[in-house]
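Listed below, chain by chain, are the residues.
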Amino acid sequence: MARTIFHDEQRWTNWHLSVRDVPIAGRFEILNGSGAASLAGMKETAAEIQKLIGRAIAERRRLRAQGAAWSFSEAPAVPGGWCLATGYANWIFPLPETHVVAEFAGDRTGFFLAQMGVAVGAFNRFVEARGRSLRTSGASNGQTFAGAMSTGTHGSAVDLPAIQSQIVGFQLIPSPDLNLWIEPASRPVTDGRMADAMGATVVRDDRLFAAALVGLGAFGVVHSVLIETRPIFLLESWRQRIPFSDGVRRAMTGGGFDSVDLPGPDVAGGRPYFFQSVVNSHIDKGFAYVTAGYERPWDPGHALSYDLTNKRAPGYNLGVVVANILDAAPGLTPPITKLVLQDQLKPMLGKTGSWGQSFNFTTPRAGTAGASIAVPVERSLEALDIAQRALARTGKAPLAFACRYGVKSPGLLAFVRHPRTCILDLDGLNSDRARAAMRAVLLDIRAAGIPNAEHWGKMNELTAASVRDSYGADLESWIAARTELLGRETEYVFGSAFLDRLGMTNPNW
Ligand SMILES: Cc1cc2nc3c(=O)[nH]c(=O)nc-3n(C[C@H](O)[C@H](O)[C@H](O)COP(=O)(O)OP(=O)(O)OC[C@H]3O[C@@H](n4cnc5c(N)ncnc54)[C@H](O)[C@@H]3O)c2cc1C
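Everything quoted here is computed from the prediction, not taken from an experiment. (Residues numbered from 1 in each chain as written. Predicted model: local features only at pLDDT ≥ 70, side-chain atom pairs only at ≥ 80, totals over all residues. Heavy atoms only, no water.)

1. Considering the overall build of the protein chain
Broken down by element type, the protein chain carries 14 helices and 22 strands. Rg of the C-alpha trace for the protein chain: 22 Å, near the compact-globule value of 23 Å for 509 residues, within the 12% margin. Principal axes of the C-alpha set define a box for the protein chain whose edges measure 60 × 50 × 40 Å. Looking at the protein chain as a whole, 60% of its 509 residues qualify as buried. Considering only contacts within the protein chain whose residues lie at least 6 apart along the sequence, 74% involve residues at least 24 apart. In the structure as shown, the protein chain presents an accessible area of about 18400 Å², 53% of it carried by carbon and sulfur atoms. (Helix = DSSP H or I, 4+ residues; strand = E, 2+ residues; numbered from the N terminus. Rg over C-alpha atoms; globule rule 2.2 N^0.38 Å. Buried < 20%, exposed > 50% of the residue type's maximum accessible area, 1.4 Å probe, protein only. Contact = heavy atoms within 4.5 Å. Areas by Shrake-Rupley, 256 points an atom, 1.4 Å probe, with all protein chains shown as cover.)

2. Re the pairing of strand E4 (residues 26-31)
Where a strand is regular, its side chains alternate between the two sheet faces. Of all 6 residues in E4, 6 are buried; the element is thus mostly enclosed. By the alternation rule, side chains of E4 split into Gly26, Phe28 and Ile30 and Arg27, Glu29 and Leu31, which are all buried. The sheet contact formed by E4 and strand E6 (residues 82-85) spans 4 bridges and is parallel. Pairing of Arg27 across the sheet is with Cys83, part of E6. (Pairing = 2+ DSSP bridges.)

3. Focus on the packing of helix H10 (residues 380-394) against helix H11 (residues 432-447)
In contact at an axis separation of 8 Å, H10 and H11 are set at 140 degrees when each is read in the N-to-C sense. Judged on the interaxial angle alone, H11 and H10 are oblique. The crossing of H10 and H11 is right-handed. Residues Ala383, Ile386, Ala387, Ala390, Leu391, Arg393 and Thr394 of H10 touch H11, and the partners they reach there are Arg433, Ala436, Ala437, Ala440, Val441, Asp444 and Ile445. (Axes fitted to C-alpha atoms, helices over the stretch in contact; angles between N-to-C directions. Parallel < 35°, antiparallel > 145°, perpendicular 65-115°, else oblique. Left-handed = near helix turned anticlockwise from the far one by under 90°.)

4. Comments concerning unusual backbone geometry
One non-glycine residue, Asp21, lies in positive phi territory at about 55 degrees. On the secondary structure map, Asp21 appears in the loop between strand E2 (11-12) and strand E3 (22-23). Residue Asp21 is classed as partly exposed on the basis of its relative accessible area of 48%. A positive phi angle, close to 55 degrees, is found at Arg60, a residue other than glycine. Topologically, Arg60 is positioned in the loop between helix H1 (39-58) and strand E5 (63-66).

The structure is reproduced here in structure tokens:
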């Protein structure tokens, strides 16, 4: 039988130690029943979650699912409430082709249901062994799919939206008596048998889907997600330090790749699948570290081994990079930052692997910090310039900038929200200076009037006003969808201090 175990813990700290010692009323861990993965077992686990929600209501406790607790922000924190650890609820099921609705026009063969505790890396291994692949994901893959979708995690697949764009339906448990399978009415995929086997009621509703997709844990517990995959492919990755030329500038502002000599084979006006540019005038003036990844056909002879210690994957996270300074020397000076950066951004010459091999597990380091701000791609250089100036003004800080790219992503609160978006990553050490510099950068970009939205799962300067500026009517729609779905009690239960502060949930019972 599925069960929950209560841990009498009074303090909660995230994985990265950027949010520490949050007073909580305890931590529940949810476990599937023993035996093989089954939809009947999923139904039992869903019932356990419903029971727990009932208990939270009875005891007037807030309840918040957490994934890998990889968010640097307070998004998974639940001061005074109960934290629900989901990592052991990690079954994966292929959706039989025959369970896809007849009118579905796309590829019917590549849908997989992932339970809430499934990490992106585990999902990659499962589907790649079956000849399928994710289209996109973040730089590292220790997040859970449910957690990554809930904050709108992105990568740098230049023509694709963020990770949640691959989710075509999800199972949401918002109350003791509701177990819902939510799909968009405009593109339903499942015929209802899978939902039925899990005890879920099918709800086809575009607005609810879009609202709860980037739901920040505030709509209830997402018990499982249905992920659309593509046929497996190879990514050939190249990285080089090249002059920060007009061609690079053009590529960084969405002007295409025709006038830049990207690392790797001559793509003759073609576009890379993956593009990332790291430009830091305070560290290496006049140069850009450019990573380009090209899609290649799958080679059946390619070995699917996963190197868990790979630290130079194409989409590496600069926070981990700069954290190596901690190991290298305590004096956090620009020359050291430069050395570490050059080491971690060593040239990559056609490294080829599956998607899951390319974006591997990174061990997060305590003491690192990351913020990201999404701006329209046309304004990326303006934002970067503001960032450089803000950093110069606040003084020497162990901080570096990276630009990643994507397109407008589904989810009312997806922060990758401009038609073509540049995500400016600010990564460094979690020191007073770095945090002051991050703050200055974020506030200066905001003050410059550049349309922007901050990453929900990273360090941020979010306020009720800034969230309203970023999301406008979409925020109102998100709030309305939540109010319509939840009752007074569950509205409280699935709120949090973080969201109360932003005027998105109600602190009162
Ligand atoms: C090393 C590292 C690398 C990173 N790289 C990237 C990157 O490349 N791109 C990027 O965009 N971000 C990146 N991030 C940020 C990270 O992807 C996000 O913060 C992500 O949300 C973390 O997922 P998680 O599973 O740890 O969720 P958590 O941090 O545990 O939770 C995030 C949110 O999801 C909610 N949630 C989690 N599970 C559920 C559930 N089952 N039901 C309902 N709500 C739920 C939580 O309540 C919370 O609001 C990185 C973070 C780290 C530490």
